[in-house]
Amino acid sequence: MNLRHVIESQQFTVPLLLELFDRTRRMEAVVARGGTKDYERRIMATLFYRSSTRTRFSFEAAMHRLGGQVLSTENGNEFSSAVKGESLEDTIRILGNYADVIVLRHTEEGGAHRASLVSPVPVINAGEGEGGQHPTQALLDLYTIHRECKTLNGLSVALIGALDVGRTARSLAYLLSKFERVKFWFIAPPEMQVKPDILAYLDKYRVQYELLSDPAKVLPTVDVVYQTRIDRERLQRRDIDLSVYNIDANVLRALKPNAVIMHPLPRSVEIDPAVDADPRAVYFRQARNGLFVRMALLSILFDRE
Amino acid sequence: MNLRHVIESQQFTVPLLLELFDRTRRMEAVVARGGTKDYERRIMATLFYRSSTRTRFSFEAAMHRLGGQVLSTENGNEFSSAVKGESLEDTIRILGNYADVIVLRHTEEGGAHRASLVSPVPVINAGEGEGGQHPTQALLDLYTIHRECKTLNGLSVALIGALDVGRTARSLAYLLSKFERVKFWFIAPPEMQVKPDILAYLDKYRVQYELLSDPAKVLPTVDVVYQTRIDRERLQRRDIDLSVYNIDANVLRALKPNAVIMHPLPRSVEIDPAVDADPRAVYFRQARNGLFVRMALLSILFDRE
Amino acid sequence: MNLRHVIESQQFTVPLLLELFDRTRRMEAVVARGGTKDYERRIMATLFYRSSTRTRFSFEAAMHRLGGQVLSTENGNEFSSAVKGESLEDTIRILGNYADVIVLRHTEEGGAHRASLVSPVPVINAGEGEGGQHPTQALLDLYTIHRECKTLNGLSVALIGALDVGRTARSLAYLLSKFERVKFWFIAPPEMQVKPDILAYLDKYRVQYELLSDPAKVLPTVDVVYQTRIDRERLQRRDIDLSVYNIDANVLRALKPNAVIMHPLPRSVEIDPAVDADPRAVYFRQARNGLFVRMALLSILFDRE
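Residues numbered from 1 in each chain as written. Chains lettered and ligands numbered in written order. Predicted model: local features only at pLDDT ≥ 70, side-chain atom pairs only at ≥ 80, totals over all residues. Heavy atoms only, no water.

Student: Sorry, what's going on with the sheet that holds strand 8 (residues 224-227) of chain B here?
Tutor: For sheets, the rule is that strands pair by backbone hydrogen bonds, running either parallel or antiparallel. Residue and element names in this part refer to chain B. What the five strands build is an open sheet, ordered 7-6-5-8-9; its pairing is parallel. Whereas interior strands pair on both sides, the edge strands pair on one side only; in this sheet they are strand 7 (208-212) and strand 9 (260-262). Each adjacent strand pair in this sheet contributes to an overall mean axis angle of 15°, direction not counted. (Pairing = 2+ DSSP bridges. Helix = DSSP H or I, 4+ residues; strand = E, 2+ residues; numbered from the N terminus. Axes fitted to C-alpha atoms, helices over the stretch in contact; angles between N-to-C directions.)

Written out as structure tokens, the structure reads:
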């Protein structure tokens, strides 16, 4: 697997994804026996210009399970603060002296790419800007579907919620459309439907999709329900009742017995806690898969050198 | 020792305490030879909704001396901030994917108990709310008495200071009253005396105690002086002169040669630095004992699995 | 090498410096093979009363490359905050229970010395006050010259920039003047020239120096150009054009083929990024040397025990 930096989902071809997921699966076994010491001399630096404790923790846990060490910068601006306006490039050059891999969350789209151009060590994009790439989240979502559905072909996937914002729906649509006979259902109130660029992309690759405002009639047919976060303030501002889009006991009754319910977490009201006990609720396993996918990515980057 | 979570001091029976202290004693030897690698695949996460650098450090040092790794969250709210109001339960479920033990300081009483109900890994309560439980502090206090006095029976213990606030006096009274023939002296200005609930508890278990406002006549008789923190602003507001309750050279002259002087630290004016050199001043050893007690607790939780 | 604490540059005699640099050189080889496990039971605590992510990271990376563990306190005040005004001494005594070495950045000159008087473990001064000592920065600067110029004798060194503030120029002048036939050129606008105390020091030790406001005529003769940080706000306030002191392609043309260009980083406009590719631009290697020097110092302190 020829991987020098992890910058965007588009880097990952189908063979690369399947190889990554094979290694990810093996990482589950590694964690089950408490981790490995194979990478004990490796140091990972996290450089987060925007705080994201959850993502940072997932990476740090992955590094520790591989036996390595962590340098943790929660506030990338402080790293550069002695002189205002130190360039990202200079900061990366210096951090590249200390660490064997840099996990970067930058505030601007393209930040991770810029970093990769000057970094002496691999760079992993841990999310950037508002709607920019967050490839490890996309990969863990895809891995979860792969793991739970045993296939990535022929799937019927319902994306539900405020689909006009956030990158989750976009990333998943891009990645899943690499596989065969996928069908997307975009389920949202009209004013929150997916943006035209995603639809144009799907048209170009001849991927089937349908836009809906009512989930009821589709839920009994889908393999995957991907519920997205709901910004409650935004809903109240618009006076929209999104409870029709919530996952609750009624939805559970409608779903196929082998369907899976996903969510990027953290959740708010959009999934009823009563759903947690249902075996089709996989969102906590999905979060756990983030650990395995990141371990697999880190190990690939280290092995390559 | 059957210990799944460490939530409150009441969990600890006398046999459990003595077994814990035996292991704590052995941890002193482990540290003396630089630590162990026995737990090198273990990861501890600290989740502090209220910052407490001192307690966090003691736990992290304990984990490192056991050979393990640490995921450090100084600000638990940030962990949950992407969507306001993520439940403690969801946060614990996710952290439980990354770590083998969670050290929690929550803002509300009962938080650690709630966490333990959903956590896939052991939870240790590192203090909660304002006057809530802080069992590892109570255990290190008791261990210090055990270690210095060679017994926990038949002791005469003076608690001095603002006894109406803080949990130190409360916890120590609860734990020590499990042992035989203990006598407490609560020494404070009347407006800062211990709350009735402690006295009711001691009455119920037929533990001897006495309330005093003048330490002078009791000091020559006690085995343990437990000095508590003084909030100077509060004193000034009330126009109280607490210097009569300070530990200084005069107190040293009054105390028995084998008495011990304890304090939870950090101290302010209530212990004169001139006291530090006296062999009866054990408060820095007491802080150090926190390291050993936490190592013992962590190792018990890990061994049990 | 008899080293108990690292408090100030003046501790380092010429033989001590050369021994340190010999060990530093060996640390380069250690890092090239991924680090060592020789110090895997050692714990380093960073206690920074003033945030300095860059310096902290360099120390933490050094400790990890030695195989050890890190307790990280970015905000020393929080450590002491439960009771306002806990003394530095008490904090050090407690931290000394948890760690095998304390890396301290205090707000006041003399803080590291005070800490060393009570600490049960070695203390390293990681910078203090505004213009106080920052010995590891001074040592890495000197090591870089030693490494790049193959000697510390007979050098001609130009210090450029706002020489009246900052400690870089001061430290370097003190350390380099221990060697033979060094000549300093202090190049700055008159209102930003070095303070008289440095000149008095150089006079006392009969070190040659010259004050200049125009770098042009000196640059072709020097072995080392040490460019310092420029506070742009200060310049704008004074309406000074410092661009004449910038390092750019013109300066590169003027410099000797074997001269070196140094800078403590982070840089602002005072070094043109176009200079980076020139083999004489050693400032990123200089930052990297900080890692090796700190590894050498830590290992010396550990070996001594």
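Student: What am I meant to see in the interface of chain A and chain C here?
Tutor: Buried accessible area, meaning the area lost when the parts come together, often serves as the stated size of an interface. Counting residues at the interface gives 24 residues for chain A and 29 residues for chain C. Buried surface at the junction of chain A and chain C, summed over both partners, amounts to about 2,400 Å²; 53% is from carbon and sulfur atoms. On the surface where chain A and chain C come into contact, there are five salt bridges. One salt bridge connects C:Asp276 with A:Arg93, and the closest N-O pair in it is separated by 3.9 Å. Along the contact surface separating chain A from chain C lie ten residue pairs in polar contact (both at pLDDT 80 or more). Of all the secondary-structure elements, those providing two or more residues to the side of chain A that touches chain C are strand 1 (43-48), strand 2 (69-73), helix 3 (76-79) and helix 4 (88-98) of chain A. Counting residues per element, the side of chain A that touches chain C draws most heavily on helix 4 of chain A, which supplies six residues. Of the residues in the side of chain A that touches chain C, the class split is eleven nonpolar, five polar and eight charged. (Contact = heavy atoms within 4.5 Å. Buried area = accessible area lost by both parts, 1.4 Å probe. Salt bridge = Lys/Arg side-chain N within 4 Å of Asp/Glu carboxyl O. Polar contact = N/O pair within 3.5 Å; in protein donor to acceptor, adjacent residues only side chain to side chain. Nonpolar A, V, L, I, M, F, W, Y, C, P; charged D, E, K, R; others polar.)

Student: Would you mind showing me how to read the packing of helix 6 (residues 135-149) of chain C against helix 7 (residues 168-176) of chain C here?
Tutor: Relative placement of two packed helices is described by the angle separating their axes and the distance separating the axes. Residue and element names in this part refer to chain C. At a closest axis distance of 9 Å, the pairing of helix 6 and helix 7 adopts a crossing angle of 60°. Taken together, helix 6 and helix 7 sit at an angle that is classed as oblique. Considering only the axes of helix 6 and helix 7, their crossing is right-handed. Counting all contacts with helix 6, which are made through Ala138, Leu139, Asp141, Leu142 and Ile145, the residues of helix 7 involved are Thr168, Ser171, Leu172, Leu175 and Leu176. (Parallel < 35°, antiparallel > 145°, perpendicular 65-115°, else oblique. Left-handed = near helix turned anticlockwise from the far one by under 90°.)

Student: Got a minute to help me understand the relation of the copies chain B and chain A in this structure?
Tutor: What relates the two chain copies is a rotation about an axis together with a slide along it. Of the transformation superimposing chain B on chain A, the axial component is 0.0 Å and the angular component is 120°, with the fit at an RMSD of 0.0 Å. Such a turn and shift between the copies fits a three-fold axis. Across chain B, the rotation axis passes nearest the C-alpha of B:Gln69, at a separation of 5.0 Å. When the interface residues of chain B are mapped onto chain A, a mere 4% of them are again interface residues, pointing to distinct binding faces. (Least-squares fit on C-alpha atoms with pLDDT ≥ 70 in both.)

Student: When you look at the interface of chain B and chain A in this model, what are you seeing that I'm missing?
Tutor: With 24 residues of chain B in contact, the opposing surface of chain A contributes 29 residues. Across the chain B/chain A interface, buried area totals approximately 2,400 Å², and carbon plus sulfur atoms make up 53% of it. For the pair chain B and chain A, the number of links is five salt bridges. Across the salt bridge formed by B:Glu86 and A:Arg54, the nearest N and O atoms sit 2.4 Å from each other. The interface formed by chain B and chain A holds ten residue pairs in polar contact (both at pLDDT 80 or more) in total. Breaking the side of chain B that touches chain A down by element, the ones donating at least two residues are strand 1 (43-48), strand 2 (69-73), helix 3 (76-79) and helix 4 (88-98) of chain B. Considering each element in turn, the side of chain B that touches chain A owes the most residues, six residues, to helix 4 of chain B. Of the residues belonging to the side of chain B that touches chain A, the class tally is eleven nonpolar, five polar and eight charged.

Student: Would you mind showing me how to read the pattern of salt bridges here?
Tutor: It is possible for side chains bearing opposite charge to pair when their charged atoms get close. All chains considered together, the criterion is met by 54 salt bridges over all chains. A salt bridge links C:Arg280 to C:Asp278; the nearest nitrogen and oxygen atoms lie 2.9 Å apart. The buried category is assigned to C:Arg280, whose relative accessible area is 13%. Overall, the relative accessible area of 14% leaves C:Asp278 in the buried class. A single network of salt bridges, built from pairs that share partners, joins A:Asp90, A:Arg93, C:Arg267 and C:Asp276. (Buried < 20%, exposed > 50% of the residue type's maximum accessible area, 1.4 Å probe, protein only.)

Student: Would you mind showing me how to read the relation of the copies chain A and chain C here?
Tutor: Once turned by 120° and shifted 0.1 Å along the axis, chain A lies on chain C with an RMSD of 0.1 Å. A low fraction, 4%, of the interface residues of chain A reappear at the interface in chain C, so the copies pair through non-equivalent surfaces.

Honestly, that's just the spatial picture; any functional story needs more than this.
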